[in-house]
Structures are given as structure tokens and as C-alpha cells.
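A look at the structure
As a plain string of letters, each chain reads:
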Amino acid sequence: MFRLFVLTKREKDVLALLARGKSNREIATSLGIREKTVRNTVSRIYVKLNVTRRTQAVLRAIELGLVTARSGQSLLTDEDEGEIAK
């Protein structure tokens, strides 16, 4: 069974920083948002990637080609709808 999901631009940005090993506080500072917003965004990412931990989210993102393993750079563009078949 396939489930399609769309990552928002904010979720893509947070996911790329997660892949770089950044803490919620560091992500919040980098993006100019509150730490609570980062926590909420990370929770939504977990649901969409069907994971329960940061490491799992990063590994799933690498498996799906959402970020690169080496740099944590997001591979999704703003024009990309972010639809991933799972």
C-alpha cells in the first residue's frame, strides 16, 4: 500500500538541518523561528516519514533521496511537490 505525503518548505528546511546533526535550538536559531515551532515541525516530519526518532528520520530521508548522506543538503527544490511514495 502506498501513502503519499508532501513535505512543506519548512519541513524540508528542518529535515536538512536534522541531517546535519543540529539540535532543535540550533535549528530554531538558523531559521529564525521558536524552538517550539521546530519541535512541532519535527513531530510532523516523524508522522510523514513514519518514524519515531531523529536518527530514523534522517536515515529515511537519505533512503528516499530527500537529503544527501554527506552534507545533509536537501535534494528537494521549491518547485518540487515533495510527493514521495512509501
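Given the structure is predicted, the values throughout are model-derived calculations rather than measurements.

Time to look at the confidence of the model for the protein chain. Here the protein chain shows a mean pLDDT of 82. Residues at 70 or above account for 74%. Within the protein chain, the element-level pLDDT minimum falls on strand β2 (residues 84-85), averaging 36, and the maximum on helix α2 (residues 24-31), averaging 98. Predicted confidence for residues 75-86 stays below pLDDT 50, and this span has 33 contacts to residues more than four positions away or in other chains.

Where helix α1 (residues 9-19) contacts helix α4 (residues 54-63), the two axes come as close as 9 Å, and the packing angle between them is 105 degrees. Accordingly, the angle class assigned to the pair α1 and α4 is roughly perpendicular. Of the residues in α4, those touching α1 at L15, L18 and A19 are R54, A57, V58 and A61. Residues that form the contact of α1 with α4 fall into these classes: six nonpolar, no polar and one charged.

Our next topic: the side chain of T41. As for its placement among the helices and strands, T41 is situated in helix α3 (residues 35-49). Once residues within four sequence positions are removed from consideration, T41 is found in contact with R10, E11 and V14.

Attention now goes to α1. Among the residues of α1, those classed as buried are E11, K12, V14, L15, A16, L17 and L18. Check the buried side of α1 and you find it contacts α2, α3 and α4. Looking one or two residues past α1, G21 carries a phi angle of roughly 85 degrees, positive in sign.

By secondary structure assignment, the location of R20 is in the loop between α1 and α2. Taking C-alpha positions, R20 is 9.8 Å from T68, a pair spaced 48 residues apart along the chain.

Turning next to α2. The set of residues buried in α2 consists of N24, I27 and A28. Down the axis of α2, the buried set is contained in an arc of 100 degrees. They therefore lie on one face. Exposed positions of α2 whose direction lies more than 90 degrees from the buried face are R25 and T29. Packing partners of the buried residues in α2 comprise α1, α3 and α4.

Within the largest apolar cluster, 19 residues are counted, with the highest numbers of intra-cluster contacts made by L15, L18 and L49. Contributions of two or more residues to this core are made by α1, α2, α3 and α4. By residue number, the principal contributor to this core is α3, which donates five residues. Sequence-distant contacts of L18, defined by excluding residues within four places in its chain, comprise I27, V42, R54 and V58.

The rules behind each value
- Residues numbered from 1 in each chain as written.
- Predicted model: local features only at pLDDT ≥ 70, side-chain atom pairs only at ≥ 80, totals over all residues.
- Heavy atoms only, no water.
- pLDDT = per-residue confidence, 0-100.
- Helix = DSSP H or I, 4+ residues; strand = E, 2+ residues; numbered from the N terminus.
- Contact = heavy atoms within 4.5 Å.
- Axes fitted to C-alpha atoms, helices over the stretch in contact; angles between N-to-C directions.
- Parallel < 35°, antiparallel > 145°, perpendicular 65-115°, else oblique.
- Nonpolar A, V, L, I, M, F, W, Y, C, P; charged D, E, K, R; others polar.
- Buried < 20%, exposed > 50% of the residue type's maximum accessible area, 1.4 Å probe, protein only.
- Arc of directions from axis to C-beta.
- Core = buried A, V, L, I, M, F, W, Y, C linked by side-chain atoms within 4.5 Å.

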